[in-house]
Amino acid sequence: AGSMSSECLGNFLRITLSAEYFEDKYLTFSAIDQLGRAWEIDEAMASRCGYTVTFNYWGNVEFRASALSCHSQSEKDVFTVTIQIKASHTPDMKNAVTHLKTATCHYGPWSPRELVCEKNYMEVSVRKEVPQIVPDFIQDEPEDWALAFPEAKAGESSIWQIVFHQPEKKKALLMTDAWHAGYGLNTTDTRILLRIPYSAAQIQLVKAQGITFSAVRSSTFYKQRWMILMVDTAVACPVDGVDYMNKTIIWTVPKYVQPLSAGATGFKDVLVEAGVDLHKLSAKEMISRKYSLENDLDSITIKIPVGAEGGYYKTSVNSGQHGTKYCISLFLEHQWEDNKWGLTKHTIIKEIETPFEHVELTMTDSKWINAKFTEGAGESLTLTCFLSDTNLSARLVNVTLGMFLPDVELVNLTFEGTTVTVLEAIWHGYLTQQNRYANGSQTYTIQVPFDAASIKKEYTRDDIRTYTLNVTLDFRIHPTSETFTIPVITVSAVKDAVLPSARGFCDEKNLCLTIAHGNVDQNWLLFISNQHLTSEAAQKHSYSLSDNGTHLAICVPFLSPHVDYEDIHSSGIMASLHLTLKDGVTLTNRRDFSISCRFSPSQLMQCLPNGTVVITAVKLVGFKDVDMSQLLLRDRQCKPALVTEKTATFKFNVNTCGTSRKFNSTTMTYENDVLYFRPGSDMPVYQLKCICWYAVKQTVDVQYESKNNPAPSIKPGFGSLALSLKLFKEKTFSNPYKESEYPVVKYLREALYFEVQLLQSEDVRLELNLKDCWATNSQSGDSHPQWPILRNGCENNEESHRTILHQVNFSPTVRFPLHLKRFEVRMFTFFQSTTLLQE
């Protein structure tokens, strides 16, 4: 109901199909004749039979039929048209719904000659002065035609014949041939009609006051017993005549065109009326719309301001750019009298489109502040935003793009090389919303979470991250199905960056750093002394390197090529380890970490019992130009046995290399120096003093006794500990059961491997101890029966169900072995007397 409406507009019937019901459906139109037969209307038939299909501003489909259309049922001044419409969701028209619409219109009085210039055809109808053909008419002999008119000599004997008058020659067509050529010929009780498509071969282009007309000069012959009726069926319609000046449409139509006025004199205007969409407008209505109608001596001029009421803007595309055109369907009716025809009525329908005008789009979002918008011809739209603190919790890219006319629809989105529909985009985190306004315009809002995979996240500076949305929007224009694309880029700067942080410690032989990951370093690379530290490189240098996803831990031995030595003092050697996190693409420094510790000088010396001394000299940071291979002992003939970039190792006996010796009552002291001289100088710039003590005579008395150790005491402490209990598939404790694999099915005596872990804490002094562990027959830990697995931290050795504790060693996945306990128990079942409680 309400999906179709009809309207009588002079010598036209208009049937409107509602866009609300028929939008996005495939349609076919058929005309129903007097016998109830349906004739499907294609483009050729429409222009031959007087039918026109158009779309209006709101997307409704309009079907127009001439009063003298092929299948109109005419009686006096009333004509009736019946149209069958089929609508389907598929182009093959399967499961189509059929609609039937019949409308009756009154039209009159008829002028002796009526000319119609429709969108797709020209039509001329002339009053017929002789009776209609009688049904039992007997065909005369062919020679009767030859006696009547020379133009008919070349044609066969026929009731109808049309002769086209062209500059070079005349061309005669029989009615059947004319019909196949696309012409429409018809007769009623009172009129003879010729309808000509604009693509007809016999059309001539003629000029009148500089305006081009499509014109046909023709005579239609009709044979009625002993006479032949010849009717002048000339017609002309303006092709151009439209100018645009100062945002105004100027349409000029000459009054008198030679093909229409041949042989006539004494012209007199009877009526000039204009309107829009076949509705005539009064003078008052035209003034209110700021229309202008000028009726001069030789021409009629209509002026319409662009954007005025009655017309509409539609979306257009030119060279890929989005813009608009102003469209208006003007209607002009000119009636005049002359001494040949009497009264002639000329009805012209003119569809006018203004030239393409580029429209700049805007991108906005009320949630952003300090927004910067740029657009270039044929380039993408870019919006740079800085998110206010109050909107940080939303964590959305929220962009509104517009304004668009109502004939535009967003159909696809393309991001990361993938094109998806608006509906499919929801699965990728893209939510689109159409916003309609009272004036018919619309905008589209696109919301994308910051965490969407297609959003590019980049750390820029301080605590700021940028979120870049790069999406191409594909639009379709209704009803032409033209498409255009708009690439959109938004860059959102948000203060939400969490940078990596580090803490370090040193033991007797190593420098260690633990780096807690932030939210910006997913693609950052670890560098040590400006060298990329990979797992392979760490293994090569015997470094401990591990990463559990939240923390990266590295331990480097004191004597390593990537450790810097700052000074050597009797209190120890100051050593430093420097790490850098670099951008994985640009390799720019993002974050620096370092740790410095003082190590015992004994790390550089070994005094062996057999009198051999091993000294490792290190290069200090302040002596970068020192060549470690040129280091010497007091005896300059003693050179290092092993040299690296930062170390030089000497191996010698205490009786060689200029080593001095001192005695006291208990010890022998041996001294030597590692020296470095610059060329030409006798003063060392580097000196490392080395001393070894050996006992001269020593008596050691050892006394011991057996003593019972006191029972260990425990001081209770209180706090929260996070623990996890996992069941593993095998003895290696590398593959735990997943949550989706429970309940786990096991058979009797199969081994179960359990692991209990202390979570979160990284305190190496803590050790996890399990006091009691038991199995129950239900999920409640207090239920009975119970079977002990661990008692007071010890294994249950009863019967054959012995519990086995497994040692936990340090590994890349286990950083704190004391924080874990692992044990193995064989599968058993509960009995009560001889009854099996559970399988």
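Rules and cut-offs
Residues numbered from 1 in each chain as written. Predicted model: local features only at pLDDT ≥ 70, side-chain atom pairs only at ≥ 80, totals over all residues. Heavy atoms only, no water. Core = buried A, V, L, I, M, F, W, Y, C linked by side-chain atoms within 4.5 Å. Buried < 20%, exposed > 50% of the residue type's maximum accessible area, 1.4 Å probe, protein only. Contact = heavy atoms within 4.5 Å. Pairing = 2+ DSSP bridges. Helix = DSSP H or I, 4+ residues; strand = E, 2+ residues; numbered from the N terminus. pLDDT = per-residue confidence, 0-100. Axes fitted to C-alpha atoms, helices over the stretch in contact; angles between N-to-C directions. Salt bridge = Lys/Arg side-chain N within 4 Å of Asp/Glu carboxyl O. Phe/Tyr/Trp six-rings, centres within 6.5 Å; stacked < 30°, edge-to-face > 60°.

K.L.:
How should I be thinking about the nonpolar core in this particular structure?
P.N.:
It is characteristic of soluble globular proteins that their nonpolar side chains tend to be buried jointly. Ranked by size, the top nonpolar core spans 53 residues in total, and within it Y565, I615, L631, V674, Y686 and L688 carry the most contacts. Beyond its immediate sequence surroundings of up to four residues, V674 is in contact with I615, A617, L631, L632, L633, F650, Y686, Q687, L688 and C690.

K.L.:
I keep staring at the pairing of strand β36 (residues 418–421) and nothing clicks. Help me out?
P.N.:
The side chains of a regular strand alternate between the sheet's two faces. As defined by bridge partners, strand β35 (residues 408–415) adjoins β36 across 4 bridges and the pair is classed as antiparallel. Note on β36: the bridge partner recorded for N412 is T421. Taken together, β35 and the strand that follows it, β36, pair antiparallel across an intervening segment of 2 residues, in which E416 is found at a positive phi of about 55°.

K.L.:
Can you help me understand the confidence of the model for the protein in this one?
P.N.:
Close inspection of predicted coordinates is inappropriate for parts of the model with low pLDDT. When pLDDT is averaged along the protein, the result is 86, and 91% of the positions lie at 70 or above. Overall, residues 368–379 carries pLDDT values under 50, and its contacts beyond four positions in sequence, including any with other chains, amount to 36 contacts. Below pLDDT 50 for its whole length, residues 386–391 participates in 13 contacts with residues either more than four positions away or in separate chains.

K.L.:
Just checking my understanding: could you explain the sheet that holds strand β55 (residues 660–663) for this structure?
P.N.:
To summarise the sheet geometry, strands pair through backbone hydrogen bonds and adopt either a parallel or an antiparallel arrangement. Read across the open sheet, the 3 strands follow the order β55-β56-β57; overall the sheet is antiparallel. Here the strands that pair on one side only, and so sit at the sheet edges, are β55 and β57 (684–695). Going from strand to strand, the sheet's axes swing by 20° on average, the running direction of each strand aside. Bridge count between β55 and strand β56 (residues 667–677): 4 bridges; the pairing is antiparallel. In the sheet register, F663 faces β56, and the bridge partner there is M668.

K.L.:
What is the right way to look at the pattern of salt bridges in this model?
P.N.:
Where charged atoms from two side chains of opposite charge approach closely, those side chains can pair. This model, assessed by the stated rule, comprises 34 salt bridges. Among the salt bridges present, the one from R465 reaches D496, with a minimum N-O distance of 3.2 Å. Taken together, the residues R465 in strand β40 (residues 464–477) and D496 in the loop between β41 (483–494) and β42 (501–506) connect sequence positions 31 residues apart. D496 sits in the buried class, given a relative accessible area of 12%. A salt bridge links D763 to R765, with the nearest nitrogen and oxygen atoms 3.1 Å apart. Given a relative accessible area of 73%, R765 falls into the exposed group. The network of salt bridges with shared partners includes E7, R14 and E62.

K.L.:
What exactly am I supposed to notice about the environment of P91 here?
P.N.:
In this structure, P91 sits in the loop between β8 (78–88) and β9 (97–106). On the basis of relative accessibility, which here comes to 59%, the residue P91 falls in the exposed class.

K.L.:
Please clarify how the sheet that holds strand β20 (residues 235–238) should be interpreted in this entry.
P.N.:
Ordered by their spatial adjacency, 3 strands build an open sheet running β16-β17-β20, and the pairing between neighbours is antiparallel. Two strands bound the open sheet, and with one partner strand each, they are β16 (204–208) and β20. The sheet shows a mean angle of 35° between the axes of neighbouring strands, taken without regard to direction. By the bridge criterion, 4 bridges tie strand β17 (residues 211–216) to β20 in an arrangement that is antiparallel. From the neighbouring strand, S214 faces β20, where its bridge partner is C237.

K.L.:
When you look at the packing of aromatic side chains in this model, what are you seeing that I'm missing?
P.N.:
Aromatic rings considered in pairs are described by the distance between their centres and by the relative angle of their planes. With the rule as written, the count across this model stands at 25 aromatic pairs. Ring geometry for Y256 and W336: centres 6.2 Å apart, planes at 90°, overall edge-to-face. Of this pair, Y256 sits in the loop between β22 (248–254) and α5 (258–261) while W336 is found in strand β28 (residues 321–338), placing the two residues 80 residues apart along the sequence. The class of Y256 is partly exposed, set by a relative accessible area of 23%. For W336, a relative accessible area of 2% corresponds to the buried category.

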